[in-house]
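Fold and contact review
Here is how the chains run, residue by residue.
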Amino acid sequence: MTMSASYPFQGSCNVTPLVAQASVINSAGSVRREDATEGSQRSGREPQSHSPLELEHAIGCNGKNLHTAVLHPTAIPLVAVCAIGKLVVTVNTEDLQDQHIFKGHDAVVTAVDVSNSGDFLVSGQSASETGKDGMGYIIVWDYHARHKCYVLPGHLGGIYAVRFSPDDRWLASTGKDVKTLIWDVQTSELSGGLKDVMENDAALGLAWGAITEPGTRRQAYDLFITYNTGVRLCTWGFDLKTMQYRSASLTFQLPGSGGRIGGFMRQYNCVCLCGDSLLCGTASDLLIFGVESKLFKVNIVLGMGGVLSMVELRNESSAVLVGCGDGRLFKLKQKGAGAYGGAGGRVKRESMATAHDWEAAGELQLPPGGVTSLSLSGDGTEVLAGTSKGELYRIHPSTLSATLLSVSHTDSVVDVAVPSNQSDVFATASTDNTVRLWSMDSYTQLSLYSTQKSTPTCIAFSQTQSPAPQQQHQRPTDLQPLITGWADGTISCLDLGEKAASVLWCIATAHRGAVCAVSSSEHYILSAGSDGATRVWAAKSRECVAVVEAHAKKVTAVLPDATSARILHSCSLDKTVMTFDLAQQCGLPNRQGPKRLVYKTEPESSGFVALAQKTTGERELVLATADGSVLMYDIDYAQPVCSVAEVPKIHINTMSLDPASSAIAVGRQDGSILVYRIPGDQPEAHLTAYAAAHSTAVLKLVWSHDGKQLISTGSDGEVYVWNYYL
């Protein structure tokens with residue numbers, strides 16, 4: 001059913017009327033409900049679909065976009081609604097394991113909101129990656145039924161902000177097309193809006209004001225919008241003459257000269273209504289306007305990096321909490337009603353201690369990183385704060401104290417590893433210069449290693465026994481040390497102590513260039529580099545006992561043989577896979593190093609990116625090529641004994657074989673994951689599961705020690721845990 005309406009606009013802003021169509025409205029005009037959630041308990045559940053792969057948990061609320069973490073106003077205990085990649089996730093703040101995952105977007109979610117009643121969620125995304133129209137779509141969700149209500153066409157280029165009106169009747173949205181649109185939540189119709197006269201402008205801040213004459217035919221709404229070219233008030237009311245809702249807009253006045261914006265060109269990030277004042281956060285300061293007079297009152301400089309987020313503290317009289325780009329939170333209070341407007345038409349700049357009729361009532365310093373989201377709980381006793389460093393905090397505004405709720409990576413997660421003797425932890429490494437240990441039971445961070453000296457590139461748990469824990473750092477019981485490779489060619493071993501990891505030993509300049517892969521056996525540590533070399537290190541002494549320089553390009557994987565510690569396998573982007581015997585020396589002239597036993601190549605491929613070995617049957621090698629194929633090699637045959645590929649072929653970044661050698665998981669450049677089932681000991685593989693949750697490329701995959709779960713990481717900084725039911 002196509003829904004259209006006449007959209008008259010008023011005011012000084014140029015507007016283009018649009019016709020909206022809700023993409024899940026069926027021909028009968030009713031809403032088609034779709035299951036949109038996955039995951040809530042780690043065990044004891046059957047999958048909700050026929051796929052054996054079910055998304056269990058998502059980690060990755062990294063705070064890259066403003067206003068992407070909000071508190072549900074009515075849920076008890078408190079529930080946080082967060083954007084994680086192209087997912088919307090609700091999290092029980094008392095139990096992080098308790099998640100509900102809303103799937104429906106095909107690009108990164110850039111804005112979220114919850115209606116005042118708590119019945120609806122809304123999320124907006126960046127430009128669609130699957131459609132050709134470049135639209136940033138908006139999805140309205142039924143929170144309780146956990147279904148899509150409808151999909152709105154949104155804005156060309158992507159969404160900046162979405163906000164429900166106080167009575168849940170209307171939804172306002174802004175986007176990169178410089179438009180502000182107003183949607184009817186009951187019917188999904190586009191009812192009106194406005195567009196700024198300046199192209200490439202941005203409206204990042206939306207705030208609904210009071211409803212005037214509620215319950216009457218003259219009921220009207222105030223909507224405050226912060227365009228970079230100025231602050232607007234859009235009055236949205238019902239016109240009895242035309243029997244339609246119409247908009248009228250006014251621009252708040254600024255002092256000085258310089259054209260229509262009075263010399264106050266700003267990048268506005270947020271807006272908050274507090275009593276008779278409108279507070280607008282910018283990239284440099286805080287501007288305060290009088291709501292009734294529409295005039296500028298004062299600007300206040302708070303911290304470094306400008307003002308990124310704000311929230312009114314309803315339990316305190318005329319108070320707001322302001323989040324800044326340097327991680328500082330300020331509580332501002334209004335001392336009393338003051339005259340509107342700047343003195344003599346001049347800009348009035350004052351210190352943060354006192355400015356006109358506002359004063360700083362407290363300050364809280366969070367770890368460095370911009371405070372990109374602030375949201376007040378329904379009872380007004382807590383604030384959820386999200387930062388650009390991937391951290392969520394529970395803030396108590398009365399005492400200005402903070403409790404860390406969750407952490408996330410903020411950049412590409414380049415590797416993930418699980419210990420061979422435990423299924424309750426896993427480790428990740430990221431280009432945000434951190435290595436982290438996570439709990440599979442609570443999905444909380446157990447240990448952190450952070451450095452600015454270099455960037456981690458690969459990790460693997462050591463197969464040797466960990467030394468006794470140092471007194472200052474207590475490790476999880478029997479946890480193996482973690483071997484890490486770094487971009488500067490260093491190999492180090494970390495003892496993942498409680499909260500903070502420590503370095504047990506380090507091999508500087510182990511490779512010329514980055515270390516691309518590491519693995520371990522009881523007696524050896526294997527490493528591979530971008531220089532094409534593979535090195536073998538004694539596990540106890542860390543002396544280099546062998547060097548293999550047989551590959552012409554970057555070595556992407558190296559691993560010890562499943563049956564003999566003296567045998568190693570390696571693969572490379574030079575399209576070759578090789579097997580070497582460490583106990584025998586190469587007999588060829590002018591060549592040193594271990595003897596090569598096997599040499600196989602795929603000249604038509606784009607090179608090998610991943611390598612594993614079956615522990616059953618003929619112990620075939622399983623490899624993935626960059627151009628999208630999965631191959632099985634038997635050492636006795638020149639050609640692959642099995643080859644599978646999907647059409648069309650999509651670039652493969654990673655591959656992992658489960659501990660039972662019964663399933664192969666493949667991560668691809670388009671963010672999708674494939675799982676192939678291996679029947680018995682046969683050299684065969686059949687596609688059994690397809691999943692797409694990452695907003696960008698899947699970089700690494702690993703199976704848990706028991707083979708019941710799969711962990712995936714991506715260039716979006718997300719970490720996903722999947723249940724596997726076969």
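Refer to the structure above for everything that follows.
Residues numbered from 1 in each chain as written. Predicted model: local features only at pLDDT ≥ 70, side-chain atom pairs only at ≥ 80, totals over all residues. Heavy atoms only, no water.

**Some thoughts on the pattern of salt bridges**
Proximity of charged atoms lets side chains of opposite charge pair with each other. Stated precisely, the cut-off is as follows: We count a salt bridge whenever a side-chain nitrogen from Lys or Arg sits within 4 Å of a carboxyl oxygen from Asp or Glu. For helices the rule is a DSSP run of H or I covering at least 4 residues; for strands it is a run of E covering at least 2, with both sets numbered from the N terminus onward. Only protein chains enter the calculation, and the probe is 1.4 Å; a residue is then buried if its accessible area is under 20% of its type maximum, exposed if over 50%, and partly exposed in between.
Under the criterion given, the structure shown has 17 salt bridges. For Glu 363, the salt bridge is made with Arg 328, and the minimal N-O distance between the two is 3.2 Å. Of this pair, Glu 363 sits in strand 28 (residues 358-365) while Arg 328 is found in strand 25 (residues 328-334), placing the two residues 35 residues apart along the sequence. Using a relative accessible area of 39% as the deciding quantity, one classes Glu 363 as partly exposed. With a relative accessible area of 18%, Arg 328 lands in the buried category. A salt bridge links Lys 614 to Glu 620; its shortest N-O distance comes to 3.4 Å. Of the residues examined, Lys 614 reaches a relative accessible area of 0% and is grouped as buried. Given the relative accessible area of 3%, Glu 620 is considered buried.

**Comments concerning the packing of aromatic side chains**
Definition in use: Stacked, edge-to-face and tilted are the three classes for Phe, Tyr and Trp ring pairs, Trp counted by its six-membered ring, which pair at centre distances within 6.5 Å; planes under 30 degrees apart are stacked, over 60 edge-to-face, the rest tilted.
Counted under the stated rule, the structure contains 14 aromatic pairs. A centroid spacing of 6.0 Å and a plane angle of 75° characterise the contact between Phe 289 and Phe 296, whose relative ring orientation is edge-to-face. In this pair, the class of Phe 289 matches that of Phe 296, namely buried. On the numbers, 6.4 Å between centres and 20° between planes, the contact of Phe 426 with Trp 438 is stacked. Linking Phe 426 in strand 34 (residues 425-430) with Trp 438 in strand 35 (residues 434-439), this pair joins segments that are twelve residues apart in sequence. Take Trp 438: its relative accessible area is 1%, and that puts it in the buried class. Feature note: the residues Trp 170, Trp 208, Tyr 221, Trp 236, Phe 238 and Tyr 245 constitute an aromatic cluster, connected by ring pairs.

**What about unusual backbone geometry?**
Here Ile 76 and Pro 77 are connected by a cis peptide whose omega angle stands at 0°. Of note, the bond from Val 647 into Pro 648 is cis; its omega dihedral lies within 30 degrees of zero at 0°. Summarising the element assignment, Pro 648 is placed in the loop between strand 53 (642-645) and strand 54 (652-657). Residue Tyr 443 is not a glycine yet carries a positive backbone phi of 60°. In this fold, Tyr 443 is placed in the loop between strand 35 and strand 36 (445-450). The buried category is assigned to Tyr 443, whose relative accessible area is 4%. The phi dihedral of Thr 509 falls on the positive side, at around 45°, and the residue is not glycine. Tracing the backbone through its elements, the reader meets Thr 509 in the loop between strand 41 (502-507) and strand 42 (515-520).

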